[in-house]
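# Remarks on the overall topology
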Amino acid sequence: MRRYYSYINSQSDVTYFHCIANATRRHHNEDLLNFDDADKDYLQHFIKKLERLYTGLEVLQWCCMNTHVHLIIAQKNKFEITLPKVKELYEEFYQGRNEMDARSSFCHRYRKRLNDISEFMRDFQWHTARHFNKVRYISGKH
């Protein structure tokens, strides 16, 4: 998936982004890349899960087309979060597979991500591309 986004910068406490995530791989069977109902259900579930992690962002609206997704995202310009909360969100997102020490430099760096639109889109695209490649056996690895 490739990302394109633009934003409307305002003087308020929130900046709004219009993000588009496209499926870019072409295939002789074009239906292979079209999102079906199960894909759209997965996207809805994953957007909510990702939004719980990125507490500095709020997905206001999203729309899934046949081959791409539009998201309208609000980013809080003033965002504070404690390190223990970062640890909690991280471990909830990874469902206990990854642990984090709230005192670590990694936790300090990760805290900055939770209000970063670029990191949100990177995670959205990485996780969804990985999911769809696995479900459709696109990578050739079964």
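Figured I'd write up the structure that's included with this text. (Residues numbered from 1 in each chain as written. Predicted model: local features only at pLDDT ≥ 70, side-chain atom pairs only at ≥ 80, totals over all residues. Heavy atoms only, no water.)

### With respect to the packing of aromatic side chains
- Counted under the stated rule, the structure contains eleven aromatic pairs.
- Ring geometry for Tyr 90 against Phe 106: centres 5.7 Å apart, planes inclined by 80°, an arrangement best described as edge-to-face. Of this pair, Tyr 90 sits in helix α2 (residues 83-93) while Phe 106 sits in helix α3 (residues 105-113), and the two are 16 residues apart along the sequence.
- For Tyr 90, a relative accessible area of 8% translates into the label buried.
- Members of the aromatic cluster, joined through ring pairs, are Phe 35, Tyr 42, Phe 46, Tyr 90, Phe 93, Tyr 94, Phe 106, Tyr 110, Phe 124 and Phe 132.
- Geometry around Phe 93 places Lys 49 over its ring, the cationic atom sitting 5.0 Å from the centre. (Phe/Tyr/Trp six-rings, centres within 6.5 Å; stacked < 30°, edge-to-face > 60°. Helix = DSSP H or I, 4+ residues; strand = E, 2+ residues; numbered from the N terminus. Buried < 20%, exposed > 50% of the residue type's maximum accessible area, 1.4 Å probe, protein only. Lys NZ or Arg CZ within 6 Å of the ring centre and 35° of its normal.)

### Brief notes about the pairing of strand β4 (residues 68-76)
- For strand β2 (residues 14-22) and β4, the ladder comprises nine bridges, and the chain directions are antiparallel. Looking at the pairing, Ile 20 lines up with His 70 of β4.
- Bridge count for strand β3 (residues 57-64) against β4 is seven bridges, and the pairing is antiparallel. Its bridge partner being in β4, Gln 61 is matched across the sheet by Ile 72. (Pairing = 2+ DSSP bridges.)

### Comments concerning the state of the cysteines
- One pass over the structure, following the stated rule, counts zero disulfides.
- Free cysteine: Cys 63, not disulfide-bonded; nearest cysteine sulfur from Cys 64 at 7.2 Å.
- A residue is classified by how much of its surface remains accessible, and Cys 63, at 37% relative accessible area, is partly exposed. (Disulfide = S-S within 2.5 Å.)

### Some remarks on the environment of Tyr 42
- Residue placement: Tyr 42 occurs in helix α1 (residues 37-53).
- Sequence separation between Tyr 42 and His 131 is 89 residues, and the spatial gap between their C-alpha atoms is 9.2 Å.
- Not counting chain neighbours up to four residues away, the residues in contact with Tyr 42 comprise His 127, Thr 128, His 131 and Phe 132. (Contact = heavy atoms within 4.5 Å.)

### Quick word on α3
- Listing the buried residues of α3 in full gives Cys 107, Tyr 110 and Arg 113. For α3, the arc enclosing every buried residue in end-on projection is 100°, short of the 170-degree limit, so these residues lie on one face. Pointing more than 90 degrees away from the buried face of α3 are the exposed residues Ser 105, Arg 109 and Lys 112.
- Buried-residue contacts for α3 involve α1, α2 and α4 (117-136). (Arc of directions from axis to C-beta.)

### Looking at the packing of α2 against α3
- One way to put it is that α2 packs onto α3 with a least axis distance of 10 Å and a crossing angle of 85°. Overall, the two elements α2 and α3 adopt an arrangement that is roughly perpendicular. Contacts from Leu 83, Val 86, Lys 87 and Tyr 90 of α2 reach α3 at Phe 106, Cys 107, His 108, Tyr 110 and Arg 111.
- Residue composition of the contact of α2 with α3, grouped by class: six nonpolar, one polar and two charged. (Axes fitted to C-alpha atoms, helices over the stretch in contact; angles between N-to-C directions. Parallel < 35°, antiparallel > 145°, perpendicular 65-115°, else oblique. Nonpolar A, V, L, I, M, F, W, Y, C, P; charged D, E, K, R; others polar.)

### Side note on a nonpolar patch on the surface
- There is a patch of nonpolar side chains on the surface, built from Tyr 16, Leu 60 and Ile 72 and spanning about 230 Å² of accessible area.
- Examined against the element boundaries, Ile 72 turns out to sit in strand β4. (Patch = residues over 30% accessible without salt bridge, like charges linked within 9 Å, V, L, I, M, F, W, Y side chains within 5 Å. Areas by Shrake-Rupley, 256 points an atom, 1.4 Å probe, with all protein chains shown as cover. Salt bridge = Lys/Arg side-chain N within 4 Å of Asp/Glu carboxyl O.)

### Regarding the nonpolar core
- Counting 35 residues, the largest nonpolar core has Leu 71, Ile 73, Tyr 110, Leu 114, Phe 120, Met 121 and Phe 124 as the members making the most contacts within it.
- Elements with a contribution of two residues or more to this core: β2, α1, β3, β4, α2, α3 and α4.
- Among the elements that take part in this core, α1 stands out by supplying six residues, more than any other.
- Not counting chain neighbours up to four residues away, the residues in contact with Phe 124 comprise Ala 21, Leu 43, Phe 46, Ile 47, Leu 50, Val 69 and Leu 71. (Core = buried A, V, L, I, M, F, W, Y, C linked by side-chain atoms within 4.5 Å.)

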